[in-house]
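Letter by letter, the chains look like this.
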Amino acid sequence: MRGRGNARSSRALALSWRPAIWHPRLDMGRLSRPRSSTSHRNLPHLFLFFLFVGPFNCLASYSRATELLYSLNEGLPAGVLIGSLAEDLRLVPRAAGRQDQLSQLPERPVAERNPPLSFSLASRGLSGQYVTLDNRSGELHTSAQEIDREALCLEGGGGAAWGGSISISSSPSSDSCLLLLDVLVLPQEYFRFVKVKIAIRDINDNAPQFPVSQISVWVPENAPINTRLAIEHPALDPDVGTNGVQTYRLLDYHRMFTLDVEENENGERTPYLIVMGLLDRETQDQYVSIIIAEDGGSPPLLGSATLTIGITDINDNCPLFTDSQINVTVFGNATVGTPVAAVQAVDRDLGTNAQITYAYSQKVPQASKDLFHLDETTGVIKLFSKIGGSVLQTHKLTILANGPGCIPAVTTALVTIIKVIFRPPEIVPRYIANEVDGIVYLKELEPINTPIAFFTIRDPEGKYKVNCYLDGEGPFRLSPYKPYNNEYLLETTKLMDYELQQFYEIAVVAWNSEGFHVKKIIKVQLLDDNDNAPIFLQPLLELTIEENNAPNAFLTKLYATDADSGERGQVSYFLGPDAPSYFSLDSVTGILTVSTQLDREEKEKYRYTVRAVDSGKPPRESVATVALTVLDKNDNSPRFINKDFSFFVPENFPGYGEIGVISVTDADAGRNGWVALSVVNQSDIFVIDTGKGMLRAKVSLDREQQSSYTLWVEAVDGGEPALSSTAKITILLLDINDNPPLVLFPQSNMSYLLVLPSTLPGSPVTEVYAVDKDTGMNAVIAYSIIGRRGPRPESFRIDPKTGNITLEEALLQTDYGLHRLLVKVSDHGYPEPLHSTVMVNLFVNDTVSNESYIESLLRKEPEINIEEKEPQISIEPTHRKVESVSCVPTLVALSVISLGSLTLVTGMGIYICLRRGKKHHREDENLEVQIPLKGKIDLHMRERKPMAISNI
């Protein structure tokens, strides 16, 4: 089933507005009846229509504006059919049982529609989120997003609007909630612009809810029956109509109240509390019940809150005495101030309504008023004057209790005076200690047996024996003072401490043999002395603070107590003499602060004393110790001991060998001071041990490929955030003799030179030119002839320094032919010199007439005896035209002294000397590759295919 019946309770209404506008392609017969009167009546409507659709006049000839209204319940699941636009617009045959009299378009089956119908939303507003439209069938269904009427319409507000918006409709019913859609029907010949309104019907899906959980209502206790009191904070229900709040009730009416509901013009219902019985606050001052709000749904939903009904007091009670008359007696020798009686009245009201004042009635004689004093607040009657012999024996005291707005309550106190025939004993004090207004003042810590007062006990009649004793607790003693009779001394029995007890009240009691008693009250007030020093709650204060603190940072609040009173117990705080000047201590509050920033790296721990001093005379003090630890913050970057590091390493140094240690420190502590090292650049060649800082090369280093390396090493600490620094590392490779000399000329053992017989002795013939990739002594080259063959090869000699070959003797006729010289090119390297050999071929003749012959001679393996004599080693490099200061003699001397051991000092000397002659050395290198003897002799050189220079 498609759920059509569930989605709509009434059929859709198709309200067609079809303007009669002529167009050649528009069938006017479909738009209006063939009655001229009808056409004339539509003319005003057509005029209004043109005014309305002026902006859309380009489509006016083809459009038919139609409005469809559907309704459905909120909260429906996805896929529920809302309506079929094709059927309701009579664009397709209607389903069985459905009728529509508002459209006169002829019906044709869907299969006959060519091109087929197409339905689409003109805009995708919020409404499009809640419905889906089938583009072919024109069926509207609910989407997966559930429609919540309260969420949409109560928040939307305003009037209805087209274009896919959501709002409250401006229809007469205030409960209307509409989804508005604009639908386009294509193709052109069936074009419709359809406005679809979907009315969302409310369901009872929300329970009433009170805005507060506790509601209070105050009712005066004299409220008459049927008094109506509005209950604030009525319940709210987002649902509308009958699904909203309909009625209220109480769970317990207490037989005193009922509820009524009033509805205003806007339909809002307000509950009213109605008083149904007589209230009496003095009987019950509060009623608590549960108020329940109920909506009109089926089934109904409920909401509740606690309703507290408080009864306010009114002055409806007057004072009442518990007794109408009291009888009391008083002895004629009673002392002034003795309480005689006390009256008390009760008023059940509250606050000012229950205030009571007492007064004598005007019927009481003035003599009785003068003799007995009545306290108007407490109702206590005391003896105000001494009873004389002529005083009446009986006094009737009429007492009134007055309340606000009340008739006074009346009671009677009947006082009978008993006259005493015998006079009581007398106690006569004579104070030794300081006494003021009956109070004796003693200092604490007074010594034991400190006298306070003498007391004389005597009988006025002189007939009876009188005894006395001390009544009360305290460190006091009353003893007879001999040798006198009836004399007693009051003194202390132990030390007294003000901090334990400040006040004592004792009495000296005397009685005679007739049983008459007399009591003398003694009040002793101790005076405080400065006998206690301030005491710190903590004698050792262990404090912490992070470094780089803000100025005047709070450290702690000192607190010391002093058991003394007054200014003797007032404590002031001071820093000890060992406290640094940048610590401050408020003398009144005891707040300890530091006025400057602390640096843990400068000083981590502080220990000093503070004093607590009271204001006594002399003052007392106590001392506490402050131990402050400055906590570390990551405020220091790692620091290398040098900005630049330089290491000298011999070339061909083994892989992962130790080059040197990179030393770095971090002033911070703990994790903030942990440092990790890493190579920033050239990490593919070098690596560094994080723990030891040892720099190593991953591969063997060749000076001839690269003579120095510049690295950047980064040190990162473990703080948050981490700090870092970098250092420059320069690695200089020291040369070792790992390259033999390389002969550049002659280029081949098969090359030869023509030497004319007319060459003069001493003339240069040719040269052997070689270079060495090493440096220093390892690159100093010496030349020597170690083998000869030819007619007279000893006629030629070689310069061991320059490699120049000169003619020693004049050439004879017998010297014609090929002369072959085996030249050894050797360096001065340590520990063993390296060398290369080359064959120098000299052809002595006037001309070269037969080259093939010469070549055949060159191809023959020469039989040359190697000379055992070593050539004289030159200590100067094979540089020519060098006029600058040379370092070679220094290097030779260092090599001889060190006996070939290459030490760091030697390497540094080489480095310094090489840098001194660097410029000239570069000039010499440019000269080394030049071929000599240009234009000096008339020689003819013949070059043949090159051969590798043999190395021995």
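Before reading further, recall that the structure is shown in the block above.
Worth saying up front: this structure is predicted, and the values here are computed from it rather than measured. In this convention, every chain numbers its residues from 1, walking through the sequence in written order. In view of the model being predicted, local features appear only for residues whose pLDDT reaches at least 70, and side-chain atom pairs are presented and counted only at 80 or more, with totals across whole chains, interfaces and linings using the full set of residues. Computation of side-chain values: all heavy atoms of the structure, hydrogens and water removed.

Engineer: Explain the state of the cysteines to me, please; I cannot follow it from the model alone.
Structural biologist: By definition, a disulfide links the sulfur atoms of two cysteine residues through a covalent bond. Any pair of cysteine sulfurs within 2.5 Å is marked as a disulfide. One pass over the full model with this rule turns up two disulfides. Between Cys 153 and Cys 177 runs a disulfide, and the two sulfur atoms are separated by 1.4 Å. Since a negative S-S torsion denotes a left-handed disulfide, the Cys 153-Cys 177 link at about 55 degrees is right-handed. With Cys 153 in helix H4 (residues 149–156) and Cys 177 in strand S8 (residues 177–186), this pair connects stretches of sequence that are 24 residues apart. Cys 153 gets classed as buried once you look at its relative accessible area, which sits at 2%. Disulfide pairing is shown between Cys 318 and Cys 406; the S-S distance is 2.2 Å. Handedness of the Cys 318-Cys 406 disulfide follows from its S-S torsion of about -85 degrees: it is left-handed. One end of the pair, Cys 318, is in the loop between strand S16 (302–312) and strand S17 (320–321); the other, Cys 406, is in the loop between strand S24 (394–402) and strand S25 (409–418), with 88 residues separating them in the sequence. Secondary structure follows DSSP: runs of H or I at least 4 residues long count as helices, runs of E at least 2 residues long count as strands, and numbering of each begins at the N terminus. Throughout this description, buried means an accessible area under 20% of the type-specific maximum (1.4 Å probe, protein chains only), exposed means over 50%, and partly exposed covers the range between.

Engineer: What am I meant to see in the sheet that holds strand S21 (residues 357–360) here?
Structural biologist: In a beta sheet, neighbouring strands pair by backbone hydrogen bonds and run either parallel or antiparallel. Overall, mixed pairing links the four strands, which are arranged S18-S25-S24-S21 in an open sheet. The sheet is open, and its two edges are formed by strand S18 (325–331) and S21, each paired on a single side. Strand-to-strand twist of the sheet, defined as the mean angle between neighbouring strand axes without regard to direction, takes the value 30 degrees. Any two strands with at least two DSSP bridges between them are considered paired. Two strands pair when backbone bridges link them, and S21 and S24 are joined in this way by four bridges, in the antiparallel orientation. Counterpart to Thr 357 in the pairing with S24 is Asn 402. Inter-axis angles, ranging from 0 to 180 degrees, are taken between N-to-C directions of lines fitted to C-alpha atoms, where helices are fitted over the stretch in contact.

Engineer: Help me out: how do you make sense of the pairing of S16 in this one?
Structural biologist: Two faces, one strand: in a regular strand the side chains alternate between the faces of the sheet. Strand direction decides the pairing type here: strand S10 (residues 214–220) and S16, joined by seven bridges, are parallel. Bridge pairing links Val 217 to Ile 309 in S16. Pairing geometry for strand S15 (residues 286–295) and S16, over nine bridges, is antiparallel. Within S16, the residue paired with Ile 292 across the bridge is Ser 304. In textbook terms, the turn of a hairpin is the stretch between consecutive antiparallel strands, and for S15 and S16 this stretch comprises six residues.

Engineer: Looking at this structure, I do not really get the pattern of salt bridges. What am I missing?
Structural biologist: Close approach of charged atoms allows side chains of opposite charge to pair. Think of a salt bridge as a Lys or Arg side-chain nitrogen and an Asp or Glu carboxyl oxygen that are within 4 Å of each other. All told, the structure shown has 21 salt bridges when counted by the stated rule. With a closest N to O distance of 3.4 Å, Arg 568 and Asp 528 form a salt bridge. Taken together, the positions of Arg 568 in the loop between strand S38 (560–561) and strand S39 (571–575) and Asp 528 in the loop between strand S34 (517–527) and strand S35 (535–536) put the pair 40 residues apart, joining distant regions of the chain. Look at Arg 568 and you get partly exposed, because its relative accessible area is 26%.

Engineer: How should I be thinking about unusual backbone geometry in this particular structure?
Structural biologist: The phi torsion of most residues other than glycine is negative, and most of the peptide bonds are trans. Look at the link from Lys 617 to Pro 618: it is a cis peptide, with omega at -5 degrees. For Pro 618, the location among the structural elements is in the loop between strand S42 (605–614) and strand S43 (621–631). Between Phe 745 and the following residue, Pro 746, the backbone shows a cis peptide bond with an omega angle of 0 degrees. Turning to its location among the elements, Pro 746 is positioned in the loop between strand S53 (742–745) and strand S54 (752–755). Even without being glycine, Leu 445 reaches a positive phi, approximately 65 degrees. Relative to the assigned elements, Leu 445 resides in the loop between strand S28 (439–443) and strand S29 (451–458).

Engineer: What is the right way to read the sheet that holds S42 from this model?
Structural biologist: Pairing is mixed in the open sheet, where four strands are placed in the order S36-S43-S42-S39. Looking at the sheet topology across the chains shown, the edges are occupied by strand S36 (540–546) and S39. Averaged over all neighbouring strand pairs, the angle between strand axes comes to 30 degrees, with direction disregarded. Relative to S43, S42 is paired through nine bridges, and the arrangement is antiparallel. Across the sheet, residue Tyr 606 finds its bridge partner in S43, namely Leu 628.

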